[in-house]
Amino acid sequence: VCVADKAAFDSVFRGSQGAQNLARPCLRTSDGGYMTSLVKGIHISDDRFALAFADFSAHSESDRWAEDHPHPRARGQPKDGAFLMSTSGYCLKAAVKILGLPPPRSWSSVGTKHEAALACAWAVQGCCVLVRSDGGGVHVILRDSEGLHIKQLDPGA
């Protein structure tokens, strides 16, 4: 989950949805736009958003929506990708791959999801990123005038 002002996201990813030129940062949907359309216009405080997010992030054998899902557009689609949230509490994009952003530094012992989160926090002004490991741990990544800050949340707190 990446949270920033819409203008900050636009300055990095403007007009990039589905772009083929990876020399420029872009967002590419992983599910044909299903999640973005599902949560569009729903505030993060709304129970409908919470339910949709919980369903999306629930682990399954295939990490895909079930073939018998009630929404035909979801059937068989990957449950993968980032959520770009505005600071006003609305989702701008959901289930998108963040491509073409170089990570500002290496981060050993993590995978591509964490490196993409690190790169997004660096590139998008005022961005706060939360990234969950497959093992359940959550990191918060922030950039300020002093650089990048990475903190692991304590699940027992």
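Notes on the structure in this doc start here. (Residues numbered from 1 in each chain as written. Predicted model: local features only at pLDDT ≥ 70, side-chain atom pairs only at ≥ 80, totals over all residues. Heavy atoms only, no water.)

**Section: the overall build of the chain**
To keep things clear, this is the line we draw: Comment: elements are numbered from the N terminus, with helices defined as DSSP H or I runs of at least four residues and strands as E runs of at least two. Per-residue accessibility, obtained with a 1.4 Å probe over protein chains only, is compared with the maximum for each type, and a residue is labelled buried under 20%, exposed over 50%, and partly exposed between these values. Note on definitions: a residue-residue contact is assigned when non-hydrogen atoms from the two residues lie within 4.5 Å. Calculation of accessible area relied on Shrake-Rupley with a 1.4 Å probe; when residues are assessed, cover is drawn exclusively from the protein chains displayed. We count Lys and Arg on the positive side and Asp and Glu on the negative side, and we leave His and both chain ends out. Lys charges are placed at NZ, Arg charges at CZ, Asp charges at CG and Glu charges at CD.
From N to C terminus, the chain includes four helices and seven strands. Residues counted as buried form 36% of the 157 residues belonging to the chain. Contacts in the chain between residues at least 24 apart in sequence constitute 47% of all its contacts with a sequence separation of at least 6. Counting every atom, the chain has about 9,000 Å² of accessible surface; 52% of that belongs to carbon and sulfur. Positive and negative side-chain charges of the chain, numbering 17 and 16 respectively, have mean locations separated by a distance of 8 Å.

**Brief notes about the sheet that holds strand E6 (residues 138-144)**
The criterion, for reference: Two strands are said to pair when DSSP picks up at least two bridges between them. All axes here are fitted lines through C-alpha atoms, helices being fitted over the stretch that makes contact, and every angle between N-to-C directions spans 0 to 180 degrees.
Strand order in the open sheet made by the seven strands is E2-E4-E3-E1-E5-E6-E7, with mixed pairing throughout. Looking at strand neighbours, the two that pair on one side only are strand E2 (26-29) and strand E7 (147-152), the edges of this open sheet. Taking each pair of neighbouring strands and ignoring which way they run, the sheet shows an average axis angle of 30°. Pairing between strand E3 (residues 82-86) and strand E4 (residues 91-99): three bridges, direction antiparallel. Paired with Ala-82 across the two strands is Val-96, which belongs to E4. In this fold helix H1 (residues 6-13) packs onto strand E1 (2-4), E2, E3 and E4, with an angle of close to 110° to the strand it touches most, E1. With respect to the sheet, helix H3 (residues 47-57) is in contact with E3, E4 and strand E5 (128-132), its orientation differing from that of E3 by roughly 160°.

**Some thoughts on the nonpolar core**
A general trend in soluble globular proteins is that nonpolar side chains are found buried together. Defined as follows: Side-chain atoms within 4.5 Å link the members of a nonpolar core, which is a set of buried Ala, Val, Leu, Ile, Met, Phe, Trp, Tyr and Cys residues.
Grouped together as the largest cluster of nonpolar side chains are 24 residues, with contacts concentrated most on Cys-2, Phe-13, Leu-84, Ile-98, Val-124 and Ile-141. At the level of elements, E1, H1, E3, E4, helix H4 (112-123) and E5 are the ones that each hand at least two residues to this core. The leading source of residues in this core is H4, at five residues. Residue contacts for Cys-2: discarding those within four places in its chain leaves Phe-9, Phe-83, Leu-84, Met-85, Ile-98, Cys-120, Cys-127, Cys-128 and Val-129. Core analysis: the second largest hydrophobic core is formed by 14 residues, Val-39, Phe-49, Ala-74 and Ala-95 among them.

Just geometry here; none of it tells us what the structure is for.
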